[in-house]
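One-letter residues, chain by chain:
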Amino acid sequence: MFMRIDHIGIACHDLEEKIALFERTFELTVVAREVNEEQGVKEAMLHIADGEGGGSYIQLLEPLSADSPVGKFLARRGEGVHHVAFGVPDVSQAMEKIGAKGVRLLDERPRHGSMGSSIAFLHPKDVGGMLTELVQAAEGR
Ligand code: V0V
Ligand code: CO
């Protein structure tokens with residue numbers, strides 16, 4: 001069902017500072033930036049590799065407010081890995097299949113994600129404590 005790891009999402013207080021750290025330390029390059037109001041984040045994608053069905057990235061996330069998902073996470077746990085995103089060929093189909101196994105979906109329908117992708121989240125408590133995102137990359141990415 002999963003094709004690849006699309007990205008690892010990392011929560012941080014200061015996006016620019018963490019971009020500089022990841023560029024300096026791992027020699028990664030920012031390929032996209034976006035403010036996503038619906039998700040309550042300002043984010044940047046740093047490219048790691050290209051693969052079948054899409055690339056893989058580190059996603060750095062700064063919250064837009066304290067009561068957003070990433071804002072709450074930072075207050076409770078501090079900076080660090082926030083979620084893991086799996087690349088799937090069809091996000092609606094993956095949601096249906098995984099939902100039918102009793103895993104709670106946090107989204108009723110796919111939402112807009114980074115770089116024109118369609119995304120949906122699974123409840124961390126139903127998958128071993130890991131907030132999990134499903135990502136269907138934009139056509140041609
Ligand atoms: C909360 N919990 C987590 C967690 N956040 N566990 C692992 N990883 C995380 N990131 C735990 C929390 O400690 C609680 O455990 C339990 O889940 C229930 O949490 P809650 O009190 O309901 O906490 P909330 O209100 O903070 O909600 C958590 C959820 C929320 C996961 C429901 O953050 C959510 O809906 N997230 C999906 C949207 C999102 O994260 N968007 C930002 C990324 P205990 O204490 O009860 O044991 S946007 C993005 O990735 C984009 C745009 C993209 O990729 O393109
Ligand atoms: Co993400």
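Summarised in this report is the structure supplied together with it. Here the structure is a predicted model, which is why all the values come from computation and not from measurement.

**Some thoughts on the pattern of salt bridges**
Part 1: Following the criterion strictly, the structure yields seven salt bridges and no others.
Part 2: For the salt bridge of E16 with R33, the shortest nitrogen-to-oxygen distance reads 2.9 Å. A residue pair is termed long-range when its members are at least 10 positions apart, and E16 in helix α1 (residues 15-26) and R33 in strand β2 (residues 29-36) qualify at 17 residues.
Part 3: Given the relative accessible area of 42%, E16 is considered partly exposed.
Part 4: By relative accessible area, which is 49% here, R33 ends up partly exposed.
Part 5: One network of salt bridges, in which partners are shared, links E17, K18 and E79.

**Comments concerning a positive patch on the surface**
Part 1: Side chains of K72, R76, R77 and K125 sit close together on the surface and give a patch of like positive charge.
Part 2: The topology assignment puts R76 in helix α2 (residues 69-77).

How each quantity is defined
Residues numbered from 1 in each chain as written. Chains lettered and ligands numbered in written order. Predicted model: local features only at pLDDT ≥ 70, side-chain atom pairs only at ≥ 80, totals over all residues. Heavy atoms only, no water. Salt bridge = Lys/Arg side-chain N within 4 Å of Asp/Glu carboxyl O. Helix = DSSP H or I, 4+ residues; strand = E, 2+ residues; numbered from the N terminus. Buried < 20%, exposed > 50% of the residue type's maximum accessible area, 1.4 Å probe, protein only. Patch = residues over 30% accessible without salt bridge, like charges linked within 9 Å, V, L, I, M, F, W, Y side chains within 5 Å. Areas by Shrake-Rupley, 256 points an atom, 1.4 Å probe, with all protein chains shown as cover. Lys, Arg positive; Asp, Glu negative; His and termini not counted. Charge placed at Lys NZ, Arg CZ, Asp CG, Glu CD.

So yeah, pure geometry; function would need other evidence.
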